[in-house]
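Listed here are the chains, written in short residue letters.
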Amino acid sequence: MNNADTLSRRLELRHADLLIEGGTVLTPNGAERIDLACVQGRIVALGDLRLDWSAQTRIEASGLHVLPGVIDSQVHFREPGLMHKENLEAGTRGAVLGGVTAVFEMPNTNPLTLWEDDLQAKLEAARGRVWCDHAFYIGGSAANANQLSVLENLPGCAGIKVFMGSSFGDLLADDEAVLRRILSQGRRRLAVHAEDEARLRQRKALVETSGDVRQHPEWRDMESALMATRRILRLAAETGRRLHVLHVSTAEEMTLLAQHKRRVTVEVTPHHLTLCAPDCYERLGSLAQMNPPVRDQRHKDALWRAIQDGLVDVIGSDHAPHTLQEKAKPYPQSPSGMTGVQTLLPVMLDHVHAGRLSLERLVDLTSAGPARIFGLEGKGRIALGFDADLTLVDLSARRTIRNDWIASCSGWTPYDDLDVTGWPIHTIIRGQVVVRDEVLSGQPQGEPLRFLEAWSDTKAEEKLS
């Protein structure tokens, strides 16, 4: 009996692999008090099911909200080459403990992820070790610009990522001719880190003289971000390329991006929405150091307005760990970056509790939004036929985030000792319960993500060949 026959038989018998009962389910219709049945990794029934359906596994979800699985579309898991900071197993273990069911991982590893062999090496390293579903970005550079239209469509590729600043070697793309070549090659949405490298180099003397981490947002000032964002928007308009601007941190960028929303999507991070200068630097020192920087209240308020106005499409964690020993180096020798994948949902649920955004808006930013703008197959919503990726949360649970909860190899969070309201309780990926009652369950079974757009482009190329 093949899978289709098995599925038909199971539906006829009304026997589920997993039945979630009594929860408040966030469907495209809104919040509904219904049950949910999963068979062969997919959602097969919604409604009042508990009397008519049997199940191999049941989860009583009374008092919980059932969200589409959270997708974190920006993480740095440091493997290969920098595994003393992080690795694929620990990074994804932290992800699922935090309610995240899928991640997009970035290309600034050692070696850099620039070619098909680099991507395949990551996919091989992930097999049997990764707790959640995953895809890997390929870096756009002068070295591979002419091949990007092929590279972006490789299975397991999240797309192309460009670093206009804050990178090194072949991954740094700050030359206008190179950027134009990259933008001209390919059709998928291109992700960009927008800081102006020339301005950053010119201004670094400010902090080399002072050694004061509180000046991090002065060195990497608003103009550094705005110049790069303005430049990449102009080049994207010239080449007709769609963009995804990562970790936007300034009020001025949001004003500019509002004029380009037809082709451009926008990400913000929990760090820029939660931390605030100068307080964070005075409390945390270089633990608050990231690129682009956490800025003052004016910019933080502008990011929240952009969420309320519908300008922001995605919240990504920009999980980018370094060890405490590395972070303790004198500034500016201390590296930029902090953990975030495990705390993304708890921190944002606390913002929901505080009334800064609705739960429905959070679902759009962390599930439906990433699936929609990147063309993820079968992800991002709770609906018949979609993958049974589910994050069950208790909106009233009070917890304290602590370093010893963090699964990352680096073992710390800037939110250590922060009290939050709202917490992930169960994490389910393709119908498999990987976290139950806040405890890891089973073995790593993450699979590569599939992208509708990459699939259709590849098929189109095959037809033309």
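Before reading on, note that the structure itself is shown above.
For clarity, every value in this text was computed on a predicted model and none was experimentally measured. (Residues numbered from 1 in each chain as written. Predicted model: local features only at pLDDT ≥ 70, side-chain atom pairs only at ≥ 80, totals over all residues. Heavy atoms only, no water.)

1. Some words on unusual backbone geometry
A cis geometry characterises the amide bond from Ala-277 onward to Pro-278, with omega recorded as 0°. When you line up the elements, Pro-278 lands in the loop between helix H11 (270-274) and helix H12 (279-284). The linkage connecting Asn-291 with the following residue, Pro-292, adopts the cis geometry, with an omega of -5°. Summarising the element assignment, Pro-292 is placed in the loop between H12 and helix H13 (297-308). One non-glycine residue with positive phi stands out, namely Gln-40, at about 50°. Tracing the chain through its elements places Gln-40 in the loop between strand E2 (30-39) and strand E3 (42-47). (Helix = DSSP H or I, 4+ residues; strand = E, 2+ residues; numbered from the N terminus.)

2. Some thoughts on the sheet that holds strand E8 (residues 133-139)
On the basis of which strands lie adjacent, the open sheet formed by 8 strands has the order E6-E7-E8-E9-E10-E11-E12-E13 and parallel pairing. The outermost strands of the open sheet, each flanked by one partner alone, are strand E6 (70-75) and strand E13 (314-315). Relative to strand E7 (residues 100-105), E6 is paired through 4 bridges, and the arrangement is parallel. Bridging from a neighbouring strand, Val-75 pairs with Glu-105 of E7. Taken strand by strand, helix H3 (residues 116-126) contacts E7, E8 and strand E9 (157-163), and its axis lies near 160° from that of E8. (Pairing = 2+ DSSP bridges. Contact = heavy atoms within 4.5 Å. Axes fitted to C-alpha atoms, helices over the stretch in contact; angles between N-to-C directions.)

3. Thoughts on the pattern of salt bridges
Overall, the coordinates contain 33 salt bridges when judged by the stated rule. With a shortest N-O distance of 2.4 Å, Asp-313 and Lys-261 are connected by a salt bridge. Placement of the pair is Asp-313 in the loop between H13 and E13 and Lys-261 in the loop between helix H10 (251-257) and strand E12 (264-268), with a sequence separation of 52 residues. Take Lys-261: its relative accessible area is 27%, and that puts it in the partly exposed class. Each of the salt bridges in this network shares a partner with another, and the network as a whole consists of Asp-133, Lys-379, Asp-387, Asp-389, Arg-430 and Glu-447. (Salt bridge = Lys/Arg side-chain N within 4 Å of Asp/Glu carboxyl O. Buried < 20%, exposed > 50% of the residue type's maximum accessible area, 1.4 Å probe, protein only.)

4. Topic: the packing of helix H15 (residues 344-353) against helix H16 (residues 359-374)
Any two packed helices are characterised by the angle at which their axes cross and by the distance between the axes. Two elements in contact, H15 and H16, have axes whose closest approach is 10 Å; the angle formed by their N-to-C orientations is 150°. Relative to H16, H15 is oriented roughly antiparallel. As H15 packs across H16, the resulting crossing turns out to be right-handed. Facing H15, whose interface residues are Leu-344, Leu-345, Met-348, Leu-349 and Val-352, H16 presents Leu-359, Leu-362 and Thr-366. For the contact of H15 with H16, the residue count by class is 7 nonpolar, 1 polar and no charged. (Parallel < 35°, antiparallel > 145°, perpendicular 65-115°, else oblique. Left-handed = near helix turned anticlockwise from the far one by under 90°. Nonpolar A, V, L, I, M, F, W, Y, C, P; charged D, E, K, R; others polar.)

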